[in-house]
Amino acid sequence: MSRPKIAVFFGTRPEAIKMAPLVTALQSDDRFELMSVSTGQHREMLDQVVDIFDLPVHHDLDVMTPGQTLASLSSKLIGKIDQLLESEQPDFALVQGDTTTVLMASLACFYRRIPTGHVEAGLRTGDMTSPFPEEANRVLATPLSTLHFAPTSVSEKHLLDERVPRERVFVTGNTVIDALHLEVERQNDPKIAAEIDAQLTEVLPADWREKRFVLITGHRRENFGGGFESICAAIAELAAKFPDVRFVYPVHLNPNVQGPVEQSLGNLDNVLLLPPQSYRPFVALMRACTLVLTDSGGVQEEAPGLGKPVLVMRDTTERPEGVDAGTVRLVGPVRENIVDGVSELLTDSAAYDAMATSDNPYGDGHACDRILQAIADHFAK
Ligand code: UD1
Ligand code: UDP
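Residues numbered from 1 in each chain as written. Chains lettered and ligands numbered in written order. Predicted model: local features only at pLDDT ≥ 70, side-chain atom pairs only at ≥ 80, totals over all residues. Heavy atoms only, no water.

### Some points on the site of ligand 1
Line of reasoning, step 1. Lining the immediate environment of ligand 1, one finds 25 residues, of which His42, Glu44, Thr65, Glu134 and His219 sit closest.
Line of reasoning, step 2. Glu134 has a polar side-chain atom sitting 2.5 Å from an oxygen atom of ligand 1.
Line of reasoning, step 3. The protein chains hide 95% of the 740 Å² of surface that ligand 1 would expose on its own.
Line of reasoning, step 4. Those elements that provide at least two residues to the shell around ligand 1 are α2 (44–53) and α3 (70–88).
Line of reasoning, step 5. Here the shell around ligand 1 is composed, by residue class, of 9 nonpolar, 11 polar and 5 charged. (Near = heavy atom within 4 Å. Polar contact = N/O pair within 3.5 Å; in protein donor to acceptor, adjacent residues only side chain to side chain. Areas by Shrake-Rupley, 256 points an atom, 1.4 Å probe, with all protein chains shown as cover. Helix = DSSP H or I, 4+ residues; strand = E, 2+ residues; numbered from the N terminus. Nonpolar A, V, L, I, M, F, W, Y, C, P; charged D, E, K, R; others polar.)

### Focus on the sheet that holds strand β4 (residues 92–96)
Line of reasoning, step 1. The strand order across the open sheet formed by 7 strands is β3-β2-β1-β4-β5-β6-β7, and the pairing between neighbours is parallel. With one partner strand each, in any of the chains shown, β3 (59–60) and β7 (169–171) form the two edges of the open sheet.
Line of reasoning, step 2. Lying on the sheet, helix α1 (residues 13–27) is in contact with β1 (5–10), β2 (33–38), β4 and β5 (116–119); it crosses β1 at an angle near 160°. (Pairing = 2+ DSSP bridges. Contact = heavy atoms within 4.5 Å. Axes fitted to C-alpha atoms, helices over the stretch in contact; angles between N-to-C directions.)

### Focus on the packing of aromatic side chains
Line of reasoning, step 1. One pass over the full model with this rule turns up 6 aromatic pairs.
Line of reasoning, step 2. Measuring from centroid to centroid gives 5.4 Å for Phe53 and Tyr279, while their planes differ by 35°, and the two rings are tilted. Remark: Tyr279 occurs in helix α11 (residues 279–288) and Phe53 occurs in helix α2; sequence separation between them is 226 residues. Pair check on accessibility: Phe53 and Tyr279 agree, each one buried.
Line of reasoning, step 3. When the ring of Phe149 is compared with that of Phe170, the centres are 5.8 Å apart and the planes differ by 40°; the resulting orientation is tilted. With Phe149 in strand β6 (residues 147–150) and Phe170 in strand β7, this pair connects stretches of sequence that are 21 residues apart.
Line of reasoning, step 4. Phe149 gets classed as buried once you look at its relative accessible area, which sits at 0%.
Line of reasoning, step 5. Arg280 extends its terminal NZ or CZ atom over the ring of Phe53, reaching a point 5.9 Å from the ring centre. (Phe/Tyr/Trp six-rings, centres within 6.5 Å; stacked < 30°, edge-to-face > 60°. Buried < 20%, exposed > 50% of the residue type's maximum accessible area, 1.4 Å probe, protein only. Lys NZ or Arg CZ within 6 Å of the ring centre and 35° of its normal.)

### Some remarks on helix α6 (residues 153–161)
Line of reasoning, step 1. The opening residue of α6 is Thr152, an N-cap whose side-chain oxygen sits 3.2 Å from the backbone nitrogen of Val154.
Line of reasoning, step 2. Two residues or fewer past α6, Arg163 is found with a positive phi of approximately 65°.

### Thoughts on unusual backbone geometry
Line of reasoning, step 1. Cis geometry is found at the peptide bond from Ser130 to Pro131, where omega equals 0°.
Line of reasoning, step 2. When you line up the elements, Pro131 lands in the loop between β5 and α5 (134–144).
Line of reasoning, step 3. Of note in the backbone geometry, Asp54 takes a positive phi value of approximately 55° without being a glycine.
Line of reasoning, step 4. For Asp54, the position within the fold is in the loop between α2 and β3.
Line of reasoning, step 5. Positive phi outside glycine occurs at Glu120, with the angle close to 70°.
Line of reasoning, step 6. Locating Glu120 in the fold gives a position in the loop between β5 and α5.

Next comes the structure, spelled out in structure tokens:
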């Protein structure tokens, strides 16, 4: 058989970050032919990642529209992916995570009997409403997938409990750690670190490294409305309580996030609202901050490896490994819990030190090698 053609799908910022090391590895692996597909579920935030990692994009389906609904996004995606599969006929497809891109790419491939590998398989909260709609997306992607790349033994167990055959499940670590290791190594070069600092000085005060700061991100659909109101109220209260601390918040472009955040926090001196940051400056911010306040999935995986305490503004997490390691704590989108959690970490050094241990249960930086070997073995059979 000639080299199998592997279609790699990504559509949003986190998928592109987590697929970047795989795309790069596939590019120089002569066992495979790479076909890289951006669905364009995101635009600016995805393009930032494509540029930074210099990712080849062989096909761009360009589906994003402002304020898109889940149903219209899904129908556009499945139609366009199906046309592409018909014309390009890949032998295998890789999807990553739990977005609408993942579910629609998995389903389109299933209909055309193209085997798929699900990267970051087996994460579960057990609650279909949280995170919404991601829990449903990843649960539904499982029976459609041929190979399942579980980041940890916890996610492996979920898949086995759902009766996925053991020989199709591979514990690989999360590719986000492959990307992070490469980036941290890069930023250990003082010249590169200085370039990134200069970039950040364009959006932050010149003395941004000299004061303590809390790094914030948030975008979950189940927090829209009341959840974001509480989150913003908590940040405003903290900003007043700790005038010497800065609250640095790169705001997601979803209008359901941007609107309330800018309205509630736009005029506070020590709350710095930024546009979404490119991956490299964002990693520099994670490394320099005092602590992270987030509802993001990827950030929960990255920050513990950098020794930063993470307070998660959600009621559930599909990433219990960080909680078990003591570096991550759930505070919900609940004003008092957020204020209490951040206040404790800013004032109690023993509580801070207990959470600031550099322990990363999500991978060792070699997930991509394991994934590509499993695909090669699949074709060898
Ligand atoms: C999506 C994923 C979520 C993931 C998140 C990562 C789904 C259902 N949701 O959520 O799982 O955690 O991405 O960030 O797949 N927008 C822009 N420019 C961009 C990106 C988004 O303007 O580059 C705006 C648009 O108005 C767009 C809206 O954000 O319609 C929502 O984007 P969408 O991909 O549907 O959902 P996210 O909330 O970004
Ligand atoms: N990230 C980034 N710039 C930002 C905020 C986050 O590059 O301004 C990165 C972060 O390092 C992580 C990923 O984006 O790798 C997380 O994406 P997001 O929070 O949008 O989605 P989730 O992980 O929750 O699906």
